[in-house]
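# Working through the structure, step by step
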Amino acid sequence: AQLRFPGRDIIFFILLAGLMVPDQVLIVPRFVIMREFGWLDSYQGLIIPLIFSSFGVFMLRQYMMGIPRDFFEAATLEGANPFQVFKDIYLPLAQPALAAFAFLSLLASWNEFLWALTVTSSTDMRVLPVGIALFQGQFFTNTAVLLAAANMATFPLLIAFLFFQKRLVEGDGVGGGICRRRRREQRLKLGLGRCSNGGGIGKQELHLLPHPHPHHLIVLVQTISAGLAVIDFLAHELVDKIAELFG
């Protein structure tokens, strides 16, 4: 994020292009590779394909770019090499972002369904979302047991969130502080000072407003998706009950 080298923007563009490819498109190539390696129905097949994350690189890069470059230049003048700058300055400052990414990775891995269903075949290798889906039968579903299992599956995520909560709040504070500092610097360069129209926001100040944090948007989308899934499930249950009553 802070180093300047040829092809830097091209690599970032390729990374963004990879983010645009849906995971469903990669199911068949991943399955073929796992079959060639002999990793079907194994822990290696479940873990290794999901280790690498383009979103993690994108998220940490954007966070690193929000850190003032003055730190990098000052450390370079003191004789520190890029690895020392990263280890002693940027890595400690990026701990909130790393915690946020760790929690999001845990959430995605915990809820992984399609790949786990594809690469595993034995009951011993089934992950929790696949096991919960097996509670749904073709002709009968024990809704009480299904919902109880789904509720129990959320407890580890709640514990993980409580563990990462402090770091997530620190990430909001550090990111907000850096954004406020950069906005103040931009306002001074533009000679805006405070709001130029008597307390309102002028057109020149609109681009200085804070933008939502990326992981906030992801959590919002996941929450909406979960809510829609619950509504869809309840609607199907209601339709089945009405069909039983009037059938």
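Residues numbered from 1 in each chain as written. Predicted model: local features only at pLDDT ≥ 70, side-chain atom pairs only at ≥ 80, totals over all residues. Heavy atoms only, no water.

It is worth spelling out the overall build of the chain at this point. Of regular secondary structure, the chain possesses 11 helices and zero strands. Each helix (α) and strand (β) of the chain, taken in turn from the N terminus, gives the series α-α-α-α-α-α-α-α-α-α-α. Expressed as a percentage of its 247 residues, the buried residues of the chain come to 24%. Summed over its atoms, the accessible surface of the chain is roughly 17200 Å², and 68% of this surface lies on carbon and sulfur atoms. (Helix = DSSP H or I, 4+ residues; strand = E, 2+ residues; numbered from the N terminus. Buried < 20%, exposed > 50% of the residue type's maximum accessible area, 1.4 Å probe, protein only. Areas by Shrake-Rupley, 256 points an atom, 1.4 Å probe, with all protein chains shown as cover.)

This paragraph deals with a nonpolar patch on the surface. Residues Tyr43, Ile47, Ile48, Ile51 and Phe52 make up a contiguous nonpolar surface patch of roughly 580 Å² in combined accessible area. Its place among the elements puts Ile48 in the loop between α3 (43-47) and α4 (54-65). (Patch = residues over 30% accessible without salt bridge, like charges linked within 9 Å, V, L, I, M, F, W, Y side chains within 5 Å. Salt bridge = Lys/Arg side-chain N within 4 Å of Asp/Glu carboxyl O.)

Right, let's get into the packing of aromatic side chains. All chains considered together, the criterion is met by three aromatic pairs. Taking the centre distance of 5.1 Å and the plane angle of 55° together, the rings of Phe37 and Trp39 count as tilted. In this arrangement the basic side chain of Arg30 is found over the ring face of Trp115, its NZ or CZ atom lying 6.0 Å from the centre. (Phe/Tyr/Trp six-rings, centres within 6.5 Å; stacked < 30°, edge-to-face > 60°. Lys NZ or Arg CZ within 6 Å of the ring centre and 35° of its normal.)

Here we take up the packing of helix α5 (residues 70-77) against helix α6 (residues 82-93). The contact between α5 and α6 brings their axes to 10 Å, and the two run at 155°. In terms of orientation, α5 lies roughly antiparallel with respect to α6. The handedness of the crossing between α5 and α6 is right-handed. Note on element contacts: α6 touches α5 through Val85, Ile89, Tyr90 and Leu93, opposite Phe71, Phe72 and Ala75. (Axes fitted to C-alpha atoms, helices over the stretch in contact; angles between N-to-C directions. Parallel < 35°, antiparallel > 145°, perpendicular 65-115°, else oblique. Left-handed = near helix turned anticlockwise from the far one by under 90°. Contact = heavy atoms within 4.5 Å.)

What follows concerns α6. For α6, spanning 12 residues, the distance from its first C-alpha to its last is 15 Å, which sits close to the expected 16 Å at 1.5 Å a residue. For α6, the N-terminal capping position is held by Asn81, with its side-chain oxygen 3.1 Å away from the main-chain nitrogen of Phe83. (Expected span 1.5 Å × (residues − 1). Polar contact = N/O pair within 3.5 Å; in protein donor to acceptor, adjacent residues only side chain to side chain.)

As a further point, take the packing of α4 against helix α7 (residues 95-110). Taken N-terminus to C-terminus, the directions of α4 and α7 make an angle of 160°; their axes are 10 Å apart at the nearest point. By the criterion of interaxial angle, the relationship of α4 to α7 is roughly antiparallel. For the element pair α4 and α7, the recorded crossing hand is right-handed. Here Phe55, Gly56, Met59, Leu60 and Tyr63 of α4 lie close against α7, whose contacting residues are Pro96, Ala97, Leu98, Ala100, Phe101 and Leu104. The residue inventory of the contact of α4 with α7, partitioned by class, reads 10 nonpolar, one polar and no charged. (Nonpolar A, V, L, I, M, F, W, Y, C, P; charged D, E, K, R; others polar.)

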